[in-house]
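Chain by chain, the residues run as shown.
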Amino acid sequence: MKPKSVGIRDVAKHVGVSTASISRTLNNPESVRPELRVRIDAAIAELGYIPDAAARALSSRRTRTIGAIIPTVDNAMFARGIEALQTYLSLQGYLLLLSTSDYDPETEARQAQNMVSRGIDGLILRGDTHTDALRRLLASQRIPFINVGVYHPEKPYASVGGNNEAAAWRACRYLIELGHRKIGMVAALSANNDRATARVAGVRRALAQGGLSLRPEWYIEVPYHLDDARQGARALLSASDWPTAVVCGNDVIAYGVVLEVERRGLNVPGDLSVMGFDDLEWSRHLRPSLSTIHVPTDEVWTRAGEYLVKSLAGRPVALHHEVDVSLVVRESTARPRRAPLRKNPIQAHRS
């Protein structure tokens with residue numbers, strides 16, 4: 001015979017409280033005294049009670065589900081961020097529903113509509129390149145959302161991330177301070193990617209301030225894949241004149257550039273200094289290890305989840321949060337050969 005399932009009344013009887021107290025603990029734990037919440041949690045674990053998600057959603061009009069739409073899962077940065085987000089949401093009693101958009105705003109809008117139809121309470125989006133239809137959908141359904149990976153304090157909707165333009169400026173400026181005058185960029189595809197566009201703008205600004213420019217033949221856009229990055233590096237190195245340093249749109253692109261340089265029998269950083277962006281786990285283990293911009297990915301995604309959880313609970317939370325990014329100098333960057341070092345080079349963390 002099928003054993004009798006444990007219900008909310010069994011938990012209430014075990015603790016000696018009303019079913020309303022159990023319900024409040026499950027749906028709004030902050031409203032319950034800590035000592036009582038501990039007793040109820042212990043009883044739930046002891047009895048093996050599993051709340052009925054459908055019934056809870058019906059009574060509270062909440063599913064305790066957060067949606068997140070990312071461009072792709074084929075990127076270590078996104079994988080790490082989603083892991084941090086899921087860990088945080090799980091501790092708060094929320095479920096994560098994940099989908100991908102392949103950097104296509106129309107696909108993102110369709111995925112969001114699917115998530116809304118399944119009753120998500122809040123939504124996390126990457127960047128701030130969204131269709132008007134998606135914005136209208138979220139407004140009409142009164143679903144809170146937050147953009148991650150960008151910091152836009154001038155806008156009326158939530159964001160958490162670093163200043164991509166300023167970070168890329170700092171990376172390029174460091175190369176200039178080392179003495180480089182011939183600087184190129186292997187960027188990510190900028191179409192529908194405001195983070196990539198901002199990073200290109202930062203590099204151009206740093207070059208302009210140094211009386212330099214980004215020569216057309218030294219600017220290449222590639223997808224976030226090693227093979228494409230290697231092809232980009234191949235194009236740079238096939239010319240009769242190539243740059244002495246290159247800023248990459250992210251670390252994965254930088255890995256591809258380093259691999260292609262080494263494959264051609266050249267040396268990083270002797271023949272080409274390479275700068276990344278994101279500071280993925282492998283960046284410190286490469287040989288040469290990769291100079292890059294460190295972005296606190298775990299913090300970005302955890303704060304995104306925190307914003308939604310607090311908003312849904314009616315608790316105060318800042319609409320925008322800027323995370324600190326930092327320049328990490330390792331082995332892949334150095335002074336160009338026979339170039340003088342300028343005074344007062346930009347300070348950076350060395351790892």
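Quick notes on the rules
- Residues numbered from 1 in each chain as written.
- Predicted model: local features only at pLDDT ≥ 70, side-chain atom pairs only at ≥ 80, totals over all residues.
- Heavy atoms only, no water.
- Pairing = 2+ DSSP bridges.
- Helix = DSSP H or I, 4+ residues; strand = E, 2+ residues; numbered from the N terminus.
- Axes fitted to C-alpha atoms, helices over the stretch in contact; angles between N-to-C directions.
- Core = buried A, V, L, I, M, F, W, Y, C linked by side-chain atoms within 4.5 Å.
- Buried < 20%, exposed > 50% of the residue type's maximum accessible area, 1.4 Å probe, protein only.
- Contact = heavy atoms within 4.5 Å.
- Phe/Tyr/Trp six-rings, centres within 6.5 Å; stacked < 30°, edge-to-face > 60°.
- Lys NZ or Arg CZ within 6 Å of the ring centre and 35° of its normal.
- Disulfide = S-S within 2.5 Å.

Within the open sheet, the six strands sit side by side as 2-1-3-4-5-11. Their pairing is parallel. Each having just a single partner strand, strand 2 (95-100) and strand 11 (320-322) make up the two edges of the open sheet. On average, adjacent strands in this sheet sit at an angle of 20° to one another, irrespective of strand direction. Sheet topology note: the strand 3 (residues 122-126)/strand 4 (residues 145-148) ladder contains four bridges and is parallel. When the bridges of strand 4 are listed, Ile124 appears paired with Ile146.

On to the nonpolar core, then. Ile124, Ile253, Val257, Val274 and Trp301 are the most contacted members of the largest nonpolar core, which totals 49 residues. Excluding its chain neighbours within four sequence positions, the residues that come into contact with Trp301 are Ile70, Phe78, Gly81, Ile82, Leu85, Ile124, Arg126 and Val148. The next biggest cluster of nonpolar side chains, apart from the first, holds 25 residues, and it includes Leu178, Met185, Val203 and Tyr219.

Another point: the environment of Glu154. Turning to its location among the elements, Glu154 is positioned in the loop between strand 4 and strand 5 (158-161). Looking at Glu154, the relative accessible area reads 58%, which means it is exposed. For the pair Glu154 and His320, spaced 166 residues apart in sequence, the C-alpha to C-alpha distance is 9.2 Å.

Within this structure, the stated rule accounts for two aromatic pairs. Ring centres of Tyr103 and Tyr224 lie 6.0 Å apart, and the angle between their planes is 50°; this geometry places the pair in the tilted category. Taken together, the positions of Tyr103 in the loop between strand 2 and helix 6 (105-117) and Tyr224 in the loop between strand 7 (219-222) and helix 10 (226-238) put the pair 121 residues apart, joining distant regions of the chain. Note on Tyr224: relative accessible area 15%, which makes it buried. One residue, Arg204, lies across the ring of Tyr219, its end atom 5.2 Å from the ring centre. Lying over the aromatic face of Trp218, Arg215 brings its terminal NZ or CZ to 3.8 Å of the ring centre.

This structure, assessed with the given rule, holds zero disulfides. Cys172 takes part in no disulfide bond, and the closest cysteine sulfur, belonging to Cys248, lies 12 Å away. Overall, Cys172 belongs to the buried group, its relative accessible area being 0%.

Bringing the sheet that holds strand 6 (residues 183-188) into the picture now. Reading across the sheet, the four strands line up as 7-6-8-9 and stay open at both edges, with parallel pairing between neighbours. Both outer strands of the open sheet, strand 7 and strand 9 (273-275), are each paired with one neighbouring strand and no more. Within this sheet the neighbouring strands show an average axis-to-axis angle of 20°, counted without direction. The sheet contact formed by strand 6 and strand 7 spans four bridges and is parallel. Of the residues in strand 7, the one forming a bridge with Val186 is Ile220. Sheet strands in contact with helix 9 (residues 194-209) are strand 6, strand 7 and strand 8 (245-248), and its direction is about 170° off that of strand 6.

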